[in-house]
Every structure is written in C-alpha cells, then in structure tokens.
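Okay, here's what each chain looks like letter by letter:
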Amino acid sequence: IEGRSPDILPEVMRLAGGRFDLILVDGDHSYRGVLADANGVLACAEHGGYILFHDGFHPQVGRAIDEFVSAHREHVIDLGMVTREVTSQVDDDGSRIEWGGLRLVYVT
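Residue indices begin from 1 for each chain and proceed along its sequence in written order. Only residues with pLDDT of at least 70 get local features here, since the model is predicted, and only at 80 or more are side-chain atom pairs given and counted; chain-wide, interface and lining totals rely on the full set of residues. To obtain the side-chain values, all non-hydrogen atoms of the structure were included, while hydrogens and water were left out.

Draft legend 1. The environment of Val76, seen in detail. Of note, Val76 is situated in strand E3 (residues 76-81). Burial classes: relative accessible area under 20% of the type maximum marks a residue as buried, over 50% as exposed, and values in between as partly exposed (1.4 Å probe, protein chains only). For Val76, a relative accessible area of 3% gives the class buried. Note: C-alpha distance between Val76 and Tyr50 (26 residues apart in sequence) is 9.0 Å. Not counting residues within four places of it along the chain, the set of residues in contact with Val76 comprises Leu42, Phe68, Val69, Val105, Tyr106, Val107 and Thr108. Per the convention used, a helix needs a DSSP run of H or I reaching at least four residues, while a strand needs a run of E reaching at least two, with both numbered from the N terminus. By definition, residues are in contact when any of their heavy atoms lie within 4.5 Å.

See below:
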C-alpha cells in the first residue's frame, strides 16, 4: 500500500478488515506530523488497543503526544515510556537533541 499518513489510513483499515489492536507510529519527527498521525490512527485503533510511538524522547514527538493525550483524555490513557533507550546528537544549530524510546498509549 502506498500513500501518506494519515490520508491512506481509511484505505489501510478497509483492506485489513477493521480496526487494529496495535499501531506503531514511526513517522517524521515534526510536531505537526506526529499530531496528524496520532489523530489519524486513533480512528483506526480498536477499543482496548494500543498506539506505540517511536522516538518518544524527541522533543517535538513528546510534545505532540502530550497534546494528543490531553485532547483525547476521554479516549486514551498515556502509559508513558516503555523503554529507556535514549540517543543524543548535536542538531544543526549546535544544540543537543534526544530521541529514541517507545511511548505507549492505551485506547479505552
């Protein structure tokens, strides 16, 4: 299946025959991209399922997940980071940036 998330998600769900118990979000690391993916996959997640976010330590990823959970608190529970792996690198502007880790959200 070729396409861009979240636009392709309804077609993916149709082809799969329904909602998913586990969804891995591993997209771009921009705040807007993560938020769009998170909001998009929520409609594809089965009640009682999980959304797993890659690179949860990345500042923009973490901020987007925080906002997503806050906006959907009646439908999701943030279970937090489920790994401790952190990678650090120097960004183009010379600042240190962290990424890595997996953050888990439960869909009620």
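Having put the structure on the table, let's press on.
Draft legend 2. Expanded view of the pairing of strand E6 (residues 102-107). DSSP-based pairing: two strands are paired if at least 2 bridges between them are found. Here five bridges tie strand E2 (residues 45-54) to E6, and the two strands are oriented antiparallel to one another. When the sheet's bridge partners are listed, Phe53 is paired in E6 with Arg103. In the sheet, E3 pairs with E6 via five bridges, with the strands oriented antiparallel. Residue pairing in the sheet places Met81 in a bridge with Arg103 of E6.

Draft legend 3. Looking closely at the nonpolar core. In this structure, Ile51, Phe53, Ile65, Phe68, Val76 and Val105 are the most contacted members of the largest nonpolar core, which totals 21 residues. Counting residues per element, the ones that place at least two in this core are strand E1 (20-25), helix H2 (31-42), E2, helix H3 (59-71) and E6. Top contributing element to this core by residue count: H2, with six residues. Nonpolar cores were defined as sets of buried Ala, Val, Leu, Ile, Met, Phe, Trp, Tyr and Cys residues, with membership established by side-chain atoms within 4.5 Å.

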